[in-house]
Amino acid sequence: MDMLKIADAVKQNSSIAIIIHVNPDSDCLGSASALITALRCMGKKAHIFVDSPIPGRLSFLADEDYFASGADDYDVCIAVDVAAEYMMGSMKEKVFDKSPVRCCIDHHGTNKGYAQYNCIDPSAAAAGEIMYVFIRDYLKVEITADIALRLYAAIASDTGSFQYSNTTARTHIIASELMAKGIDAPFVMRTLFERKRIEQLKLRAEVIENLKFYNDGKICVAVVDNDMLSRYKMAFEEADDIAGLPRSIIGVEVGVYIKVKGPREIKASLRSNEYVDVSSVAASLGGGGHIRAAGVTINASQDEAEKMIIDALEKVM
Ligand code: 5GP
Ligand code: MN
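Here we summarise the structure given alongside this text. This is a predicted model, so every value here is computed, not measured. (Residues numbered from 1 in each chain as written. Chains lettered and ligands numbered in written order. Predicted model: local features only at pLDDT ≥ 70, side-chain atom pairs only at ≥ 80, totals over all residues. Heavy atoms only, no water.)

## Section: the overall build of the protein chain
Alright, step 1. Scanning the protein chain for helices and strands turns up 11 helices and 11 strands.
Alright, step 2. A compact globule built from 317 residues should have a C-alpha radius of gyration of about 20 Å, and the protein chain, at 19 Å, falls within 12% of that.
Alright, step 3. Across its three principal axes, the protein chain shows a C-alpha extent of roughly 55 × 40 × 35 Å.
Alright, step 4. Here the protein chain, with 317 residues, has 54% of them falling under the buried criterion.
Alright, step 5. Within the protein chain, counting contacts between residues at least 6 apart in sequence, those at least 24 apart form 66% of the total.
Alright, step 6. Here the protein chain has roughly 13900 Å² of accessible surface; of this, 50% comes from carbon and sulfur atoms. (Helix = DSSP H or I, 4+ residues; strand = E, 2+ residues; numbered from the N terminus. Rg over C-alpha atoms; globule rule 2.2 N^0.38 Å. Buried < 20%, exposed > 50% of the residue type's maximum accessible area, 1.4 Å probe, protein only. Contact = heavy atoms within 4.5 Å. Areas by Shrake-Rupley, 256 points an atom, 1.4 Å probe, with all protein chains shown as cover.)

If you want it as structure tokens, here you go:
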């Protein structure tokens, strides 16, 4: 673990670029924003780079001036919650590869350690857990209410509001310390998990009507395509909550959420309950992630991609 080396690199330099993964979620965005706040407290120039739009519901996690307006030169680059280099999208070439010092702070077990300095802890439920320790103990910046709110959102999101099996006693201790900073935790929870547009619920109803089951009902597949989204005037980012739906059905071990983004561009989210390691299944198809939540992009038709995923799952089930 190169946490000390990453902290030294930050202290010895004046400009820091943070890269988060494509299709950003609360963990990468909250952790990166908390880090930006801390770095600016230290008097550093710091910006976030991301190769995707930020979903509107997550806008409370980052101020507009946290994002870089153009590609400038930075002394140090830190990839946050980025499981593999390709998850940076175009920011790999534009920012990461150009940086003299390249670091990674992450919690994905499938992360191969692509940076010069890697701090990868798969026992952390969220990148936000690692970031909390990094900011407090290594950068030695006080955890303000602003920082706490962002880290709390990061952790709450990757643990599915402290429900998933990645939630540990340490997760709760950190969450409790963050809450003690006086944050509005119910606001975070409502924003991340409760508030929906009526269209989101109508889309969900249509998805439920069309669920497909395989392997004696142990695998359940949900599909969303562009046609459905345009009928509900929605973007894929607004339909991400569907990922957890199939595995919530009694009898289902693995839920598969297929996003048909183009004729040969299929993004699949895999979620398991008790015994299937979906990160290795996703990795076998070119993706990765965590044991109970992983993803992969497959360049094939919807039918082909679905068959590849079901075949790979049936092999291990
Ligand atoms: P989601 O299904 O919500 O996109 O992602 C679930 C988890 O798997 C997240 O932690 C995400 O970073 C990771 N993940 C998603 N897609 C990929 C991928 O294509 N490659 C790798 N290595 N990880 C992914
Ligand atoms: Mn994460």
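Next, the rest of the story.
## Brief notes about the packing of aromatic side chains
Alright, step 1. Tallied over the full model, the rule gives five aromatic pairs.
Alright, step 2. Look at Y152 and F162: their rings are 5.9 Å apart centre to centre, the planes differ by 50°, and that puts the pair in the tilted class. Of the two residues, Y152 sits in helix 5 (residues 145-158) while F162 sits in the loop between helix 5 and helix 6 (169-179), which places them 10 residues apart along the sequence. Each member of the pair, Y152 together with F162, is buried.
Alright, step 3. We note K45 situated over the ring of Y74; from NZ or CZ to the ring centre the distance is 4.6 Å.
Alright, step 4. One Lys or Arg, R247, reaches over the ring of Y164 and ends 4.7 Å from the middle of that ring. (Phe/Tyr/Trp six-rings, centres within 6.5 Å; stacked < 30°, edge-to-face > 60°. Lys NZ or Arg CZ within 6 Å of the ring centre and 35° of its normal.)

## Comments concerning the pairing of strand 7 (residues 219-225)
Alright, step 1. The buried count for strand 7 comes to six of seven residues, which makes it a mostly enclosed element.
Alright, step 2. Note that strand 6 (residues 212-214) and strand 7 share three bridges and pair antiparallel. The residue bridging K212 from the neighbouring strand is V221, located in strand 7.
Alright, step 3. Between strand 6 and strand 7, which follow one another and run antiparallel, lie four residues, and N215 among them has a positive phi close to 50°.
Alright, step 4. As defined by bridge partners, strand 7 adjoins strand 8 (residues 254-262) across seven bridges and the pair is classed as parallel. In the sheet register, V223 faces strand 8, and the bridge partner there is I258. (Pairing = 2+ DSSP bridges.)

## Thoughts on the coordination of the manganese ion (ligand 2)
Alright, step 1. For the manganese ion (ligand 2), the full set of protein donor atoms is D27 (OD), D81 (OD), H107 (NE2) and D158 (OD), at a range of 2.1 to 2.4 Å.
Alright, step 2. Taken in sequence order, the residues that donate to the manganese ion (ligand 2) follow the motif D-x53-D-x25-H-x50-D. Of this pair, D27 sits in helix 2 (residues 26-41) while H107 is found in the loop between strand 4 (101-106) and strand 5 (117-120), placing the two residues 80 residues apart along the sequence. (Donors = N, O, S within 2.8 Å, 3.2 Å for Na, K, Ca; no water.)

## Let's talk about the nonpolar core
Alright, step 1. Counting residues in hydrophobic clusters, the biggest one holds 59 residues, and the most contacted among them are I18, L35, I78, F134, I135, Y152 and L178.
Alright, step 2. With near-sequence residues (within four places) excluded, I135 lies in contact with A34, L35, A38, K140, V141, I143 and I147.
Alright, step 3. With 24 residues, the next largest nonpolar core counts I266, A282, A294 and A312 among its residues. (Core = buried A, V, L, I, M, F, W, Y, C linked by side-chain atoms within 4.5 Å.)

## Some details on the pattern of salt bridges
Pairs can form between side chains of opposite charge whenever their charged atoms are close.
Alright, step 1. Scanning all chains against the criterion turns up 19 salt bridges.
Alright, step 2. The partner of R197 in a salt bridge is E199, and the shortest N-O contact between them spans 3.3 Å.
Alright, step 3. Looking at R197, the relative accessible area reads 32%, which means it is partly exposed.
Alright, step 4. A salt bridge links D227 to R231, with the shortest nitrogen-to-oxygen separation between them at 3.5 Å. Taken as a pair, D227 and R231 lie in helix 9 (residues 226-231) at a separation of four residues, close to a single helical turn. (Salt bridge = Lys/Arg side-chain N within 4 Å of Asp/Glu carboxyl O.)

## Concerning the packing of helix 2 against helix 5
Alright, step 1. Taken N-terminus to C-terminus, the directions of helix 2 and helix 5 make an angle of 160°; their axes are 7 Å apart at the nearest point. What the angle tells us is that helix 2 and helix 5 run roughly antiparallel. Classified by chirality, the crossing of helix 5 by helix 2 is left-handed. Contacts between helix 2 and helix 5 involve S26, D27, G30, S31, S33, A34, T37 and A38 from the former and I147, R150, L151, A153, A154, S157 and D158 from the latter.
Alright, step 2. In the contact of helix 2 with helix 5, the residues fall into six nonpolar, six polar and three charged. (Axes fitted to C-alpha atoms, helices over the stretch in contact; angles between N-to-C directions. Parallel < 35°, antiparallel > 145°, perpendicular 65-115°, else oblique. Left-handed = near helix turned anticlockwise from the far one by under 90°. Nonpolar A, V, L, I, M, F, W, Y, C, P; charged D, E, K, R; others polar.)

By themselves, these figures tell us nothing about what the structure is for.
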